[in-house]
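What the coordinates show
Chain by chain, the residues:
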Amino acid sequence: MPVFPWDRLEPFKEAAAAHPDGIVDLSVGTPVDPVPEPVRQALADAADSPGYPTVWGTAALRAAITGWCERRLGARGLTDRHVLPVVGSKELVAWLPTQLGLGAADRVAYPRLAYPTYEVGARLAGAEPVVHDGVRTLDPAGLRLLWLNSPSNPTGRVLSAAELRETVSWAREHGVLLVSDECYLELGWETDPVSVLHPEVCGGSYEGVVAVHSLSKRSNLAGYRAAFAVGDPAVLGELLQIRKHGGMMVPAPVQAATVAALGDDTHVAAQRERYGARRRALRDALERAGFRIEHSEASLYLWATRDESCWETVEALSQRGLLVAPGDFYGTAGERFVRVAFTATDERVAAAVRRLAG
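Residues numbered from 1 in each chain as written. Predicted model: local features only at pLDDT ≥ 70, side-chain atom pairs only at ≥ 80, totals over all residues. Heavy atoms only, no water.

Glancing now at the nonpolar core. Counting residues in each nonpolar core, the largest one holds 44 residues, and the members touching the most others are Ile 65, Cys 69, Leu 146, Trp 170, Leu 197, Tyr 224 and Phe 228. Looking at this core, the elements that each hand over two or more residues are helix H3 (59–73), strand E5 (143–149), helix H6 (161–173), helix H7 (199–202), strand E7 (209–214), strand E8 (227–231) and helix H9 (252–262). The element that contributes the greatest number of residues to this core is H3, accounting for six residues. In this structure Cys 69 touches Gly 74, Ala 75, Leu 78, Phe 228 and Val 230, once residues within four positions along its chain are discounted. If you look at the next biggest cluster of nonpolar residues, it comprises 39 residues, including Trp 303, Val 340, Val 349 and Leu 356. (Core = buried A, V, L, I, M, F, W, Y, C linked by side-chain atoms within 4.5 Å. Buried < 20%, exposed > 50% of the residue type's maximum accessible area, 1.4 Å probe, protein only. Helix = DSSP H or I, 4+ residues; strand = E, 2+ residues; numbered from the N terminus. Contact = heavy atoms within 4.5 Å.)

What follows is the structure, given as structure tokens:
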């Protein structure tokens, strides 16, 4: 297994924390704003839940997921069989290859710049991890699972409907399961991200296609571990049986909170406004400080470079009390970039802007 990347950042976190005005942590994209009141109320109302929840979730939860996918993603014809609640999206990413029964003879592909857990999941299953720059660069031999991530973590890049359509077609042609991590889909800034579940992408069929969504970012529910997969009922049905044996259940109060969160668009719009203002402030400050921003048209991050080693940038910013994520956490192609999260409070973002100007 690779070394857990965030452990390498500890010395720079200590340096940033020594700043007289305290650390501004822009490294991990963890929510800092309150959980929306209707969601907290739903959680509290369901607190008296002494019995075991079901792995498949309540009928109300499944209906909330299919309804949201139809309303927000443009998906059509979804039923209960197309839905699988999961205990946070990271759990699914890490354990999906194992739950699919992949092993040493199999290969798992993921973007060259990507969330490290795609590689971790392949290694946990004993499968071979393979990076890709799009399906045209891939050898399908032995390939069982293909990950997409649009909008991307860390770069914020968004794949077009045409790119997604080509990838779906290629995966089906070669019998490869395509799983699209779409956790940042509601956070498009310069474009409107499209889901693989949209009929213009998947052709109205979910065969060989699964999308993964999370409430961590859109609804500030990272602490709730609320997420779900939607797509091919044959794949999700098999995963459901495996997860029943493993007892991988979303807690009943979290299921109720998820129903409330998916049924309320108002809090999502308000959170977008907060993130949008922080993004504008940090982007302007970084560019004034000599950084170049690439991609970053969606998600919660700015992909920034000063054309130097990412660790040089991390060190220099830590001396100003700013902590950012080095780009090589996400692959060697990121070694001259840093990922700057705009999930800090307004007060901490304002402090970052002042320090970048100094």
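After that view of the structure, there is still more to cover.
The next thing to look at is the packing of H3 against H9. Relative orientation of the contacting elements H3 and H9 amounts to 25 degrees, with a least axis distance of 9 Å. Comparing the axis directions of H3 and H9 gives the class roughly parallel. The chirality of how H3 crosses H9 is left-handed. Residues Ala 60, Leu 61, Ala 64, Ile 65, Trp 68 and Arg 71 of H3 form the contact with H9, whose own contacting residues are Gln 255, Thr 258, Val 259 and Leu 262. Partitioning the contact of H3 with H9 into residue classes produces seven nonpolar, two polar and one charged. (Axes fitted to C-alpha atoms, helices over the stretch in contact; angles between N-to-C directions. Parallel < 35°, antiparallel > 145°, perpendicular 65-115°, else oblique. Left-handed = near helix turned anticlockwise from the far one by under 90°. Nonpolar A, V, L, I, M, F, W, Y, C, P; charged D, E, K, R; others polar.)

Attention now goes to the sheet that holds strand E6 (residues 177–181). As summarised here, the arrangement of the seven strands in space is E2-E8-E7-E6-E5-E3-E4, forming an open sheet in which the pairing is mixed. At either margin of the open sheet sits one strand with a lone partner, and together these are strand E2 (83–86) and strand E4 (128–132). The sheet shows a mean angle of 20 degrees between the axes of neighbouring strands, taken without regard to direction. Here four bridges tie E6 to E7, and the two strands are oriented parallel to one another. Directly across from Val 179, in E7, lies its bridge partner Val 210. (Pairing = 2+ DSSP bridges.)

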